[in-house]
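Survey of secondary and tertiary structure
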Amino acid sequence: MADLGLIFTLLLVSTLTGCLPGLWLPDWIRGKFLAVPVLGFGLFGVFATLLYQAGLSPQVSLYLVPAISLALALGLGSRPRLRLNREHLGFAGVWCGAVLVALIPKWIGGEQFYAFQLNPWDQLGYLSEAVAYSQHSYSYLYHLSNSQDPVLLYGQHELSARPTIAIILAAVDKLFGPTLMSFSYTYLVFLQVSSLIAGTFLIVNVFSANLCRAALVSGGIAIGFCGQYVLDIDAWSELGSLPIALVGYCLLIVCKDPSRLEVSGQLEVLGKWVALDAIIFTSLMFFYPEIVMVYGIGFLIVTINSLSYLSGETGRLLVGSLLLSLAITGILLALSYEGTLGFFVGQFKYSAAGPKEAWLTNFSSYNQYLIGKDLLSWDPDPATYPQQIRLFGLSSLIYGLFSLPINVFMSVVGLGYLLLDNSYPLLLRVSQKLVLYGLVYYWLRSIFREIKLAIKTRSPHSPRGFYLGLMGMSLIPIALTISGGRIWFVGKSLSMIMPLICIAMASPLWGSPRRDNLGPERFGRLIAAAFVALSISLAIMRAASVDPQTGWFAGSYPVYVINGEDRQAKLNYSWQLGTLVPQLKACSRVAVDISNPDNQSGHLARYVELYLDDLGITWFSIPRTHTLSHRLGKDLGFHPPLPHPQCLITDHPEPPQFPGQQVFSLRRAGA
């Protein structure tokens, strides 16, 4: 029940905080209640960060920020009016179902599963931030200089690197568990299902779709491959920013409606635009500045499209309102420059001039799913073709060129797991891809029909802006691919816009088949419905495939990131430190001795340190080095040894033991 309590607490805080921006949503917006918690979550993150810098703890902001927002909304005459109907109840059912499906892996696998998924570096980094921010003030961490504690020093380091997502987790510290680690995965599930809310809001407004149908499509995207991938690579900031980006994209498309703007109260409407745009832009920069590199292109194209419908005077007012909202955003960013705009500039420079990566090296890591498992030995770089012909033969090159388009398409829309790998006969693999080429043809035919009709329709009520903006954003990964080598940025860009791509893939579901071409169009609809069903089934498959013994995926679940980091440490060692909390609390001094070769990356040691810091237990490390030393630019791990440590946490099978010392060995039996 603690997991559900945390999710509903975060939803309540977000909704109360969103009451104020909810007042500024135009009356013609459908499903306004869907945008309120997403806007509120973004607003809460911004002010929790600024208040933390001002000396207020995140735990105080958890109560203060929503209380002030609600008081201002009530003072301005806000009276929530929501008449429940079948659509609302249906949406609530879909959302609750998604929450349960997303939480089942944690309930089955326990801490052995949720300690980290496939990227322990980012997972432990965000947890280090949250522990540091929950226990120490901004001023203390900012001026910290002589500490050897890697948790605190990492938190200090990340104060200048978008700390907002960790500050929010710090705000709920100790409310639903003894440590932050015990409900960190639940926090990620909340971020994941927030994309369901945001996606539903976008679909019902841009495509005038039924609320329940939109929720099912959005649910398949949020807890299917799109959401799973971002969650499983432990990209917290990206996961938290996606709902805000989706709502912002939707509002930019549907709010600038000239047929409503020409009525009285023009300046009042424009003032509301300024406030909403400022919240969106500022939130994105606080949560995940990198997403602006991609969605900024879409926002610009959508704005230009809106200007094409407006008269000269109204268009000038729109441009003025956008400039004013950017000015307000700039002021708020200046209050936290290092962690927002300064970090954005650094990341942009790195993206533009950073080192190029080897194709195969990166495809075998987090982005390997893009070309499919059957092509991992094949380099898609044309410069290597002569060498590949010599190594693998001409037939392998031909198979690679034949397979690559369908592999990339299936992977981008989250269906790459359906592709057969090299363990199947070549004839069967080729036959499957020929069938898929045919199905994709009819699918894309239906989608392109919807896009063509939308672009031809010169009306602000058509999804023209949605498609034009998506096309513009899609050029970024294409350009990065053509420029060669920047595979990491290709994968990150695609993961940001993948929800929009998948919404476009489902567009035949709310299009209108033409009577003169009813068969192919209905077939396209059927394929789109199958796409949604497969996305939902992948989420259910994930929930049922967690092995409670190893904390890894078993059975038929397709682990698309083959080389998940530190998998061996997860199989050979216990990460279930939550079961040791009562005993650890009885220890006033703890020695940590984790140096087994399986743990060269230091992830297990860092996880132990997080627990000890979060519990307020004094500790020292027997190994005199630390994995974060090179990253933080200073030597770590040289805590002065404590006399007569009461407890020892180790990964050795037969650890040394002092008289009267309690030993906790994390090495699993048989490892």
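Everything below is about the structure shown above.
Every value quoted in this text rests on a predicted model; they were computed, and no experiment measured them. (Residues numbered from 1 in each chain as written. Predicted model: local features only at pLDDT ≥ 70, side-chain atom pairs only at ≥ 80, totals over all residues. Heavy atoms only, no water.)

**Considering the overall build of the chain**
- On a plain count of helices and strands, the chain comes out with 29 helices and four strands.
- Looking at the 671 residues of the chain, the share that counts as buried comes to 59%.
- Restricting the contact set of the chain to residue pairs at least 6 apart, pairs at least 24 apart contribute 76%.
- Counting only carbon and sulfur atoms, one obtains 64% of the accessible surface of the chain, whose full area is about 26400 Å². (Helix = DSSP H or I, 4+ residues; strand = E, 2+ residues; numbered from the N terminus. Buried < 20%, exposed > 50% of the residue type's maximum accessible area, 1.4 Å probe, protein only. Contact = heavy atoms within 4.5 Å. Areas by Shrake-Rupley, 256 points an atom, 1.4 Å probe, with all protein chains shown as cover.)

**Side note on the state of the cysteines**
- The tally for this structure, following the rule as stated, stands at one disulfide.
- The disulfide partner of Cys587 is Cys647, and the S-S distance across this bridge is 1.8 Å. An S-S torsion of about -55° defines the bridge between Cys587 and Cys647 as left-handed. Pair noted here: Cys587 is in the loop between helix H27 (581–585) and strand E1 (589–593) and Cys647 is in strand E3 (residues 647–650), with a separation of 60 residues, a long-range link.
- Using a relative accessible area of 2% as the deciding quantity, one classes Cys647 as buried. (Disulfide = S-S within 2.5 Å.)

**Concerning the packing of helix H16 (residues 290–307) against helix H17 (residues 312–334)**
- Packing of H16 against H17 brings their axes to within 10 Å, and their N-to-C directions diverge by 155°. As summarised for this structure, H16 and H17 are arranged roughly antiparallel, according to the angle between their axes. Our pair here, H16 against H17, has a crossing hand that is right-handed. Together, Thr303, Ser306 and Leu307 of H16 and Gly315, Leu318, Val319 and Leu322 of H17 make up the contact between the two elements.
- Residues that form the contact of H16 with H17 fall into these classes: four nonpolar, three polar and no charged. (Axes fitted to C-alpha atoms, helices over the stretch in contact; angles between N-to-C directions. Parallel < 35°, antiparallel > 145°, perpendicular 65-115°, else oblique. Left-handed = near helix turned anticlockwise from the far one by under 90°. Nonpolar A, V, L, I, M, F, W, Y, C, P; charged D, E, K, R; others polar.)

**With respect to helix H11 (residues 211–223)**
- With 13 residues, H11 extends 18 Å from end C-alpha to end C-alpha; this agrees with the ideal 18 Å at 1.5 Å per step.
- With respect to burial, H11 is a largely interior element, ten of its 13 residues being buried.
- The opening residue of H11 is Asn210, an N-cap whose side-chain oxygen sits 2.9 Å from the backbone nitrogen of Cys212. (Expected span 1.5 Å × (residues − 1). Polar contact = N/O pair within 3.5 Å; in protein donor to acceptor, adjacent residues only side chain to side chain.)

**Digging into the packing of helix H21 (residues 394–412) against helix H22 (residues 426–456)**
- H22 packs onto H21 with a crossing angle of 50° between their chain directions and a minimal axis gap of 10 Å. The angle between H21 and H22 places the two elements in the oblique class. Of the two possible hands of crossing, H21 and H22 adopt the one that is left-handed. Between H21 and H22, the contacting residues are Tyr399, Phe402, Ser403, Pro405, Ile406, Asn407, Phe409 and Met410 on the first element and Leu426, Arg429, Val430, Lys433, Leu434, Leu436, Tyr437, Val440, Trp443 and Leu444 on the second.

**Section: the side chain of Ser321**
- By the secondary structure assignment, Ser321 is in helix H17.
- Judged by its relative accessible area of 5%, Ser321 is buried.

**Thoughts on the pattern of salt bridges**
- On inspection of all chains with the given rule, the structure shows eight salt bridges.
- In this structure, Lys106 and Asp3 form a salt bridge, with 2.6 Å as the shortest nitrogen-oxygen distance. Here Lys106, found in helix H5 (residues 86–114), pairs with Asp3, found in helix H1 (residues 2–17); they are 103 residues apart in sequence, far enough to count as distant. Assigned by exposure class, Lys106 and Asp3 land together as buried.
- A salt bridge links Asp173 to Lys174, with the nearest nitrogen and oxygen atoms 3.1 Å apart.
- Judged by its relative accessible area of 9%, Asp173 is buried.
- On the basis of relative accessible area, Lys174 is assigned to the partly exposed category, the value being 40%. (Salt bridge = Lys/Arg side-chain N within 4 Å of Asp/Glu carboxyl O.)

**Quick word on helix H24 (residues 487–505)**
- Bending of H24 peaks at approximately 50° at the position of Ile497, with proline Pro499 no more than four residues after it.
- Burial analysis of H24 places 18 of its 19 residues in the buried class, the great majority of the element. (Bend = angle between axes of the 7 residues up to and from the residue.)

**Things to note about unusual backbone geometry**
- Positioned with a positive phi, Arg162 is a non-glycine residue whose angle comes to about 40°.
- Inspection of the secondary structure puts Arg162 in the loop between helix H8 (150–157) and helix H9 (164–171).

**Overview of the packing of aromatic side chains**
- Applying the stated rule across the entire model yields 28 aromatic pairs.
- Residues Phe207 and Trp510 carry aromatic rings whose centres are separated by 5.2 Å and whose planes lie at 35° to one another, so their mutual orientation is tilted. Within this pair, whereas Phe207 is found in the loop between helix H10 (184–206) and H11, its partner Trp510 is found in the loop between H24 and helix H25 (518–544), the two being separated by 303 residues in sequence. The pair formed by Phe207 and Trp510 is uniform in burial state, with each residue classed as buried.
- One cation-aromatic arrangement involves Lys106 over Tyr114; the distance from NZ or CZ to the ring centre is 5.0 Å.
- Above the plane of the ring of Tyr154 lies Arg606, whose end atom (NZ or CZ) is 5.4 Å from the centre. (Phe/Tyr/Trp six-rings, centres within 6.5 Å; stacked < 30°, edge-to-face > 60°. Lys NZ or Arg CZ within 6 Å of the ring centre and 35° of its normal.)

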